[in-house]
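Coordinates in review
Now for the letters of each chain:
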Amino acid sequence: MVLVIIFLLLFGTASSEAVNRILTVGLYENSPKVFTDENGKPSGIFIDIIAYTAGKEGWELKYVPGTWDEGLSRLEKGEIDIMPDVAYSAEREKKYSFNKVQVLSSWYQAYARKGSGIHSILDLNGKRIIVLKKSVQQEAFNRFSSGFGLNMDIVSVSDYKTMFEMLSMGEADAGITNQFYGSVHARKYGLADTAIVFAPSSLFFATKRNTNVNLLNAIDRDLAELKKDTGSLYYHSLRKWTSEEIPFSIPSWLKFIVLAAGAGLLLSMGGSFILKHQVNVRTRELKEINAEMEQRIVERTAELAEAMERAQDADRLKSAFLATMSHELRTPLNSIIGFTGIMLQGLAGPLNNEQTRQLSMVQNSASHLLSLINDILDISKIEAGQLETRSEPFDMREAIESSLRTVMPQAEKKGLPLEAVIASDVGMLKSDRRRIEQILINLMGNAVKFTDKGTIRVECRTENGWLVTAVSDTGIGIESREMEKLFLPFRQIDTGLARRHEGTGLGLSICKRLVEMLGGTIGVESEIGKGSTFTFWLPLQLNT
Amino acid sequence: MKKILIIEDNEQNLYLLTFILEKNGYGVIQARDGRSGIELAIKNIPDLILLDIQLPVLDGYAVARELRKQQALYDVPIVAVTSYAMTGDRERTLEAGCTGYMEKPIDPLTFMEKIAQYL
């Protein structure tokens with residue numbers, strides 16, 4: 001009897017949830033993307049889209065109004081299901097899941113009072129700037145402006161409306177907003193856009209990480225569909241919310257037509273004449289706006305080209321610094337490695353056993369130092385965007401064999417056999433041989449380093465358009481809580497066994513970045529005391 | 001005896017390369033800057049030129065281009081020896097007319113093998 005009741009209860013709740021799901025949506029004021037209209041109704045491009053999907057799926061929407069950062073905190077705590085209009089960033093991806101089809105693209109732009117004299121980024125020096133609290137723009141703005149050595153007073157507010165009010169009252173000199181909000185509202189507050197444009201971003205719906213995935217999928221499905229058809233709700237919504245507010249009232253038109261019809265042919269002709277005239281006036285207005293826009297685009301493009309050049313200057317400086325460091329660090333090592341090598345070869349005369357032993361230690365330390373320098377330079381180059389990969393055909397077998405030869409002496413020293421199992425269909429690959437060997441040597445080197453007995457094994461095969469390469473060992477293994485940190489830079493340092501094994505802890509993060517630059521992914525499986533397997537997938541056919 | 005011209009401004013490196021090559025039975029001609037390197041190359045027509053890239057005044061790329069203009073040096077292999085190892089360095093040296101590219105620091109164990117490849 002009791003069982004039956006429980007069953008009924010379960011059944012009852014499950015079915016009611018499926019039929020009428022209530023979805024809580026964060027609402028904040030960022031017109032025209034998300035906002036509350038004068039009648040208190042949630043509106044905007046994002047709202048149109050979620051309402052569309054909700055209508056199709058039979059969900060009931062419940063809006064939870066608040067500021068932008070309240071919305072984000074609620075999302076994080078699971079108090080609401082979804083937030084509209086969230087710019088994607090790698091940092092945010094740790095906390096939120098995003099839908100996949102981009103809803104809008106936007107960029108940030110500084111707005112100032114008309115005639116403020118603020119045109120370019122340099123004009124912001126010594127000024128008071130308002131940014132939106134907890135938004136990606138603050139960080140992006142800092143990054144964008146830091147290269148110019150400016151001194152600014154940054155104030156953060158919780159919504160754009162406050163920002164524009166403060167600007168129009170003269171409480172600050174410029175505000176950073178997105179192009180949507182700016183283009184629609186600036187005029188009303190006596191503000192104008194400036195040429196300070198930065199950080200193009202992609203805007204999405206976001207949920208708390210790994211929750212409401214079905215919801216995101218449903219949005220993606222609808223969005224992909226809507227974006228295909230230029231007459232769809234998506235484009236209609238874009239046009240509706242982003243057009244400038246030109247006073248142009250249709251009801252007076254209608255009245256006019258009704259009147260004209262009632263007054264007979266003459267009046268109607270007169271009416272149509274006036275109508276035509278009105279249309280002409282509007283057309284002229286639109287043409288003027290259009291010309292003005294084009295002019296602005298030309299100006300903006302010139303400003304952007306200038307900003308781009310400055311950025312490239314900074315880039316060149318960075319490259320020059322890295323090249324110099326690389327040279328300066330390696331030159332002394334050239335002497336150390338070169339001369340110890342010569343002496344150990346006996347080229348400068350015979351050595352006794354003790355001298356040989358000691359010089360070998362110098363040699364080992366020097367080559368270790370060289371590999372550390374190479375690691376640090378590699379990660380700096382990757383971070384500075386200076387590392388480029390090539391795409392040339394080569395034989396993957398040869399690359400594996402050559403990497404095996406490099407690691408062989410280390411393995412022999414520990415008495416570990418190195419095995420390679422290469423499937424017969426593995427052959428030519430179009431990728432970066434040098435980088436692939438670097439990845440292989442790194443993984444095999446780690447395998448040898450963390451294994452005392454057993455075997456190191458490299459397996460390579462093809463699978464659904466991917467080249468799959470796995471390096472397995474029978475070593476100490478990795479604890480599961482360490483696994484996720486494994487590919488982050490400098491990680492060896494905070495693990496318990498760290499200092500027993502030399503290395504910068506940069507190797508795996510370099511491997512990960514290299515694999516990604518080559519269009520692939522890398523992963524690890526491990527069992528404590530049994531060993532680890534690092535596997536990387538590379539595309540057999542590069543798209544570029 | 002085969003003659004190898006080394007163009008290198010760093011004294012220690014110049015000594016290191018000279019020492020290894022002489023011990024292995026090669027004749028070495030030393031040049032400490034690009035200008036005299038070009039002159040010595042024209043005068044001696046060596047069997048191989050080892051060229052440092054980071055040279056003062058006239059850098060290695062310019063030296064290589066200059067050397068390649070000489071009819072008599074047309075077939076002489078030029079190997080760039082550089083500690084730059086930045087994106088595009090290898091391509092740049094090859095474009096300038098070098099035959100090969102070696103990264104510093106050199107490893108005495110494999111150095112002679114690499115040299116033999118070019119001779």
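Nothing here was measured: the structure is a model prediction, and the numbers come from that model.

Some thoughts on the overall build of chain A
Across its full length, chain A carries 16 helices and 18 strands. The 544 residues of chain A split such that 41% are buried. When contacts within chain A are restricted to residue pairs at least 6 apart in sequence, long-range pairs at least 24 apart make up 74% of them. Here chain A displays about 29600 Å² of accessible surface, and carbon together with sulfur accounts for 57% of that area.

Focus: the interface of chain B and chain A
The interface of chain B with chain A comprises 23 residues on the first partner and 25 residues on the second. For the pair chain B and chain A, the summed buried area comes to about 2200 Å², and 57% of that belongs to carbon and sulfur atoms. Linking chain B to chain A there are 3 salt bridges. One salt bridge in this structure joins Arg390 of chain A and Glu91 of chain B, with 2.6 Å as the shortest N-O distance. Applying the counting rule to chain B against chain A returns 7 residue pairs in polar contact (both at pLDDT 80 or more). Going through the elements one at a time, helix H1 (11-23), helix H4 (89-95) and helix H5 (108-118) of chain B are the ones with two or more residues in the side of chain B that touches chain A. In terms of residue count, the dominant contributor to the side of chain B that touches chain A is H1 of chain B (7 residues). Broken down by class, the residue content of the side of chain B that touches chain A amounts to 11 nonpolar, 7 polar and 5 charged.

A word on the sheet that holds strand E3 (residues 48-52) of chain B
Residues and elements named next belong to chain B. Pairing in this open sheet of 5 strands is parallel, and the strands run E2-E1-E3-E4-E5 from one edge to the other. The open sheet terminates on both sides in strands that have one partner only, identified here as strand E2 (27-31) and strand E5 (100-103). Strand-to-strand, the axes of this sheet are offset by a mean angle of 20°, without reference to chain direction. Across 4 bridges, the pairing between strand E4 (residues 78-82) and E5 is parallel.

Some words on the pairing of strand E1 (residues 22-27) of chain A
Residues and elements named next belong to chain A. Here E1 lies mainly inside the structure; 5 of its 6 residues are buried. In this structure, E1 lies alongside strand E4 (residues 60-65), joined through 6 bridges in parallel fashion. Considered in E4, the bridge of Val25 is made with Tyr63.

Quick look at the packing of helix H2 (residues 34-44) of chain B against helix H3 (residues 60-68) of chain B
Residues and elements named next belong to chain B. Two elements in contact, H2 and H3, have axes separated by 10 Å at closest approach and are oriented at 25°. Classified by the angle their axes make, H2 and H3 are roughly parallel. For H2 against H3, the interelement crossing comes out right-handed. Residue-level contacts link Gly34, Ile38 and Ala41 of H2 to Val63, Glu66 and Leu67 of H3. Among the residues forming the contact of H2 with H3, the class breakdown is 4 nonpolar, 1 polar and 1 charged.

Some points on the pattern of salt bridges
All names here are of chain A. In the structure shown here, the tally under the stated rule is 32 salt bridges over all chains. As a salt-bridge pair, Glu516 and Lys512 come within 2.9 Å of each other at their nearest N and O atoms. Here Lys512 and Glu516 lie together in helix H16 (residues 507-517), a separation of 4 residues that amounts to about one turn. Taking relative accessible area as the criterion, Glu516 reaches 39% and is therefore assigned partly exposed. Linked through salt bridges whose partners overlap, the residues forming this network are Asp193, Glu292, Arg296 and Arg300.

A few points about the packing of aromatic side chains
Applying the stated rule across the entire model yields 12 aromatic pairs over all chains. Centroid distance Phe98 of chain A to Phe204 of chain A: 6.0 Å. Interplanar angle 75°. Geometry classified as edge-to-face. Of this pair, Phe98 of chain A sits in strand E6 (residues 96-98) while Phe204 of chain A sits in strand E11 (residues 191-208); the two residues are 106 residues apart in sequence, bridging distant segments of the chain. For Phe98 of chain A, a relative accessible area of 11% corresponds to the buried category. Seen from their ring centres, Tyr234 of chain A and Tyr235 of chain A are 5.0 Å apart, and the 90° between their planes marks the pair as edge-to-face. Taken together, Tyr111, Tyr160, Phe164, Tyr181 and Tyr189 of chain A form an aromatic cluster joined through their ring pairs. In this arrangement the basic side chain of Arg21 of chain A is found over the ring face of Trp59 of chain A, its NZ or CZ atom lying 5.9 Å from the centre. Positioned over the ring face of Tyr61 of chain B is Arg92 of chain B, at 4.0 Å from the centre of the ring.

A look at the nonpolar core
All names here are of chain A. Of all hydrophobic cores here, the largest spans 71 residues; its most connected members are Ile82, Leu104, Leu124, Phe141, Phe164, Ile176 and Phe205. Looking at this core element by element, the count peaks at 7 residues for E11. With sequence-adjacent residues up to four places away left out, Ile82 is seen in contact with Thr24, Val25, Gly26, Ile50, Leu75, Phe205, Ala206, Thr207, Leu215, Leu216 and Ile219. In terms of nonpolar packing, the next biggest core, distinct from the first, is built from 43 residues, Ile379, Ile436, Met483 and Leu506 among them.

Remarks on the sheet that holds strand E13 (residues 418-422) of chain A
By definition, the strands of a sheet pair up through backbone hydrogen bonds, in either a parallel or an antiparallel sense. Residue and element names in this part refer to chain A. Spatially, E13-E15-E16-E18-E17 is the arrangement adopted by the 5 strands of the open sheet, whose pairing is mixed. Each having just a single partner strand, E13 and strand E17 (521-527) make up the two edges of the open sheet. Here the average twist between neighbouring strands, direction ignored, is 15°. When strand E16 (residues 466-472) meets strand E18 (residues 531-539), the two strands line up antiparallel, connected through 7 bridges. Considered in E18, the bridge of Thr469 is made with Phe536. Together, E13, strand E15 (456-463) and E16 form the strand contacts of helix H13 (residues 396-413), whose direction differs from that of E13 by roughly 170°.

Section: the side chain of Thr331 of chain A
Along the chain, Thr331 of chain A turns up in helix H11 (residues 264-344). When residues no more than four places from it in sequence are discounted, the contact partners of Thr331 of chain A are Asn10, Asn13 and Ser83 of chain B.

Focus on the confidence of the model for chain A
Residue and element names in this part refer to chain A. With 90% of its residues at a pLDDT of 70 or more, chain A has an overall mean of 83. Between residues 1-18, whose pLDDT stays under 50, and residues either more than four places distant or in other chains, the model counts 0 contacts. Low pLDDT, under 50, characterises residues 244-248; the stretch is placed with 8 contacts to residues that sit more than four places away or in other chains.

Re helix H6 (residues 160-168) of chain A
Within the sequence span of H6 of chain A, burial applies to Tyr160, Met163, Phe164, Met166 and Leu167 of chain A. Burial along H6 of chain A is one-sided: seen end-on, the buried residues are contained in an arc of 160°.

Procedures and definitions
Residues numbered from 1 in each chain as written. Chains lettered and ligands numbered in written order. Predicted model: local features only at pLDDT ≥ 70, side-chain atom pairs only at ≥ 80, totals over all residues. Heavy atoms only, no water. Helix = DSSP H or I, 4+ residues; strand = E, 2+ residues; numbered from the N terminus. Buried < 20%, exposed > 50% of the residue type's maximum accessible area, 1.4 Å probe, protein only. Contact = heavy atoms within 4.5 Å. Areas by Shrake-Rupley, 256 points an atom, 1.4 Å probe, with all protein chains shown as cover. Buried area = accessible area lost by both parts, 1.4 Å probe. Salt bridge = Lys/Arg side-chain N within 4 Å of Asp/Glu carboxyl O. Polar contact = N/O pair within 3.5 Å; in protein donor to acceptor, adjacent residues only side chain to side chain. Nonpolar A, V, L, I, M, F, W, Y, C, P; charged D, E, K, R; others polar. Pairing = 2+ DSSP bridges. Axes fitted to C-alpha atoms, helices over the stretch in contact; angles between N-to-C directions. Parallel < 35°, antiparallel > 145°, perpendicular 65-115°, else oblique. Left-handed = near helix turned anticlockwise from the far one by under 90°. Phe/Tyr/Trp six-rings, centres within 6.5 Å; stacked < 30°, edge-to-face > 60°. Lys NZ or Arg CZ within 6 Å of the ring centre and 35° of its normal. Core = buried A, V, L, I, M, F, W, Y, C linked by side-chain atoms within 4.5 Å. pLDDT = per-residue confidence, 0-100. Arc of directions from axis to C-beta.

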